[in-house]
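Topology and contacts: notes
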Amino acid sequence: MIVMREYKICTASDKGKVRELNEDYYLTVRLGGVDVILVAVADGVGGLMAGEVASKMALTTFSTVLLQKVVNHYKGMKIFDDSESLDINDDLTIQRAVKEAIDEANQSVRRTIRNSGTTLTAALILGRLGVGYVINVGDSRAYLVSQGEIHQVTRDHSVPWRDFEEELKKMDWKDVDLEKFSEWKRKYLTSHPSAHVIMNVVGYFGEVGYFDIYRLNLYKGDRLLLATDGLTDMVNDYEILKAMMKESCNDAVKELINKANEKGGEDNITVAVLEVS
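Positions within a chain are numbered from 1, following the residues in the order the chain's sequence is written. Under the rules for a predicted model, residues below a pLDDT of 70 receive no local features and side-chain atom pairs below 80 are neither given nor counted, while totals for whole chains, interfaces and linings still include all residues. Water and hydrogen atoms were dropped before computing side-chain values, which therefore reflect all heavy atoms in the structure.

Some points on the overall build of the chain
Applied cut-off: Segments assigned H or I by DSSP are reported as helices when at least four residues long, segments assigned E as strands when at least two residues long, and all are numbered from the N terminus. All radius of gyration figures rest on C-alpha atoms, and the globule criterion is 2.2 Å times the number of residues raised to 0.38. Throughout this description, buried means an accessible area under 20% of the type-specific maximum (1.4 Å probe, protein chains only), exposed means over 50%, and partly exposed covers the range between. Contact definition: two residues touch when any of their heavy atoms are within 4.5 Å. Every accessible area reported is derived by Shrake-Rupley at a probe size of 1.4 Å, with residue values counting cover from the shown protein chains alone.
When its secondary structure is counted, the chain shows seven helices and 10 strands. Expected size for 277 residues packed as a compact globule is a radius of gyration near 19 Å; at 18 Å, the chain falls within 12% of this value. Projecting the C-alpha coordinates of the chain onto the three principal axes gives extents of approximately 50 × 45 × 35 Å. Residues classed as buried in the chain amount to 53% of the 277 residues present. The long-range share in the chain, meaning contacts at least 24 apart out of those at least 6 apart in sequence, stands at 75%. Element-wise, carbon and sulfur atoms account for 48% of the exposed surface of the chain, whose accessible area totals about 12,800 Å².

As structure tokens, this is what we get:
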């Protein structure tokens with residue numbers, strides 16, 4: 001039996017307190033009410049050319065290609081009726097569609113601005129089924145907040161994150177305090193000698209070396225957050241969790257933006273929250 005869900009999307013982008021230009025971009029698309037939803041954020045890579053063009057172009061191309069392929073494949077099929085589940089063939093279909101959409105976005109950026117690049121983090125939601133696919137290239141992030149807990153869904157495609165994962169293997173997890181761990185994690189990544197050295201982006205390297213895709217089951221009360229590093233460099237996971245517990249997702253978004261600016265606002269800040277009810 002299908003449990004009907006409703007989805008609310010709250011978004012905001014702010015240039016922060018240091019940058020003159022906002023090179024982030026976000027978009028949201030709904031098809032058929034709750035049948036298919038796409039939420040995505042992108043962060044034009046600092047130090048390269050026209051990041052604001054790269055981020056917008058990448059998301060526009062990615063969303064157009066992905067949604068066209070998904071809808072064409074499933075038109076008249078189970079994600080638009082009362083089917084209860086997806087199988088491995090559906091996962092492979094989504095994965096192939098995502099790869100083609102990322103490749104098209106990559107080529108679109110390169111044809112227009114050769115020395116440019118952008119991160120890309122997106123959530124494709126098959127609404128009636130409560131299934132989400134989180135897609136990631138670069139170091140923007142997705143978090144799932146569920147039952148009072150926060151989980152970072154994505155991994156950063158960066159040099160600091162590679163070293164951070166090695167540090168995690170050494171940790172004793174018996175009595176880890178989330179508040180202290182979250183701040184240690186934030187400081188480790190932002191103070192790393194190679195902070196913000198990204199190993200994978202859309203556009204710059206000629207082709208996208210790889211992408212991550214994660215399948216999630218979404219339940220009533222869950223919130224999915226997509227954010228650029230203008231948020232996560234300033235605000236740790238514990239502080240993000242507290243803000244995400246606000247009654248309204250609009251209030252959560254405002255709190256996250258304000259918190260990042262209060263802590264320095266050193267980069268553009270973009271957040272998108274998808275709420276399941």
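That was the structure; now back to the text.
Digging into the pattern of salt bridges
Stated precisely, the cut-off is as follows: Within this document, salt bridges are pairs made up of a side-chain nitrogen of Lys or Arg and a carboxyl oxygen of Asp or Glu, the two lying within 4 Å of each other.
Evaluated as defined, the whole model comprises 14 salt bridges. Salt-bridge contacts for R141 lead to D156; the nearest nitrogen and oxygen are separated by 2.9 Å. Here R141, found in strand 6 (residues 141–146), pairs with D156, found in the loop between strand 7 (149–152) and helix 3 (159–169); they are 15 residues apart in sequence, far enough to count as distant. Between D163 and R162 there is a salt bridge, with its nearest N and O atoms 3.5 Å apart. Classification of D163 as partly exposed rests on a relative accessible area of 23%.

Some words on the nonpolar core
Note the following rule: Joining through side-chain atoms within 4.5 Å is the link that ties buried Ala, Val, Leu, Ile, Met, Phe, Trp, Tyr and Cys residues into a set, and such a set is a nonpolar core.
By size, the foremost hydrophobic cluster in this structure holds 33 residues, and its most contacted members are F62, L66 and L124. Contributions of two or more residues to this core are made by strand 3 (36–43), helix 1 (51–74), helix 2 (88–112), strand 4 (120–126) and strand 5 (131–137). Top contributing element to this core by residue count: helix 1, with eight residues. Once residues within four sequence positions are removed from consideration, L124 is found in contact with V36, I37, L38, L66, L67, V70, I94, V131, G132, Y133 and I135.

Thoughts on the packing of aromatic side chains
Put simply, the rule is: Side-chain rings of Phe, Tyr and Trp (the six-membered ring for Trp) are treated as a pair once their centres are within 6.5 Å; stacked means planes under 30 degrees apart, edge-to-face means over 60, and tilted covers the remaining angles.
In this structure the tally under the stated criterion is six aromatic pairs. With a centroid separation of 5.8 Å and an interplanar angle of 40°, the aromatic rings of F164 and W184 are classed as tilted. Here the residue F164 occupies a position in helix 3, and W184 occupies one in helix 4 (residues 178–191), the gap between them amounting to 20 residues. Counting every residue linked through ring pairs, the aromatic cluster contains W161, F164, F181, W184 and Y188.

A word on the sheet that holds strand 4
Heads up, the rule is: Pairs of strands are assigned from DSSP output, requiring at least two bridges between the strands. A fitted line through C-alpha atoms serves as each axis, taken over the contacting stretch for helices, and the angle formed by two N-to-C directions is quoted from 0 to 180°.
With respect to topology, five strands assemble into an open sheet ordered 2-3-4-5-8, the strand pairing being antiparallel. Each edge of the open sheet is held by one strand with a lone partner, namely strand 2 (24–31) and strand 8 (212–217). Adjacent strand axes in the sheet meet at a mean angle of 10°, parallel and antiparallel pairs treated alike. In the sheet, strand 3 pairs with strand 4 via six bridges, with the strands oriented antiparallel. Counterpart to I37 in the pairing with strand 4 is I125.

Shape descriptors only; they carry no functional weight alone.
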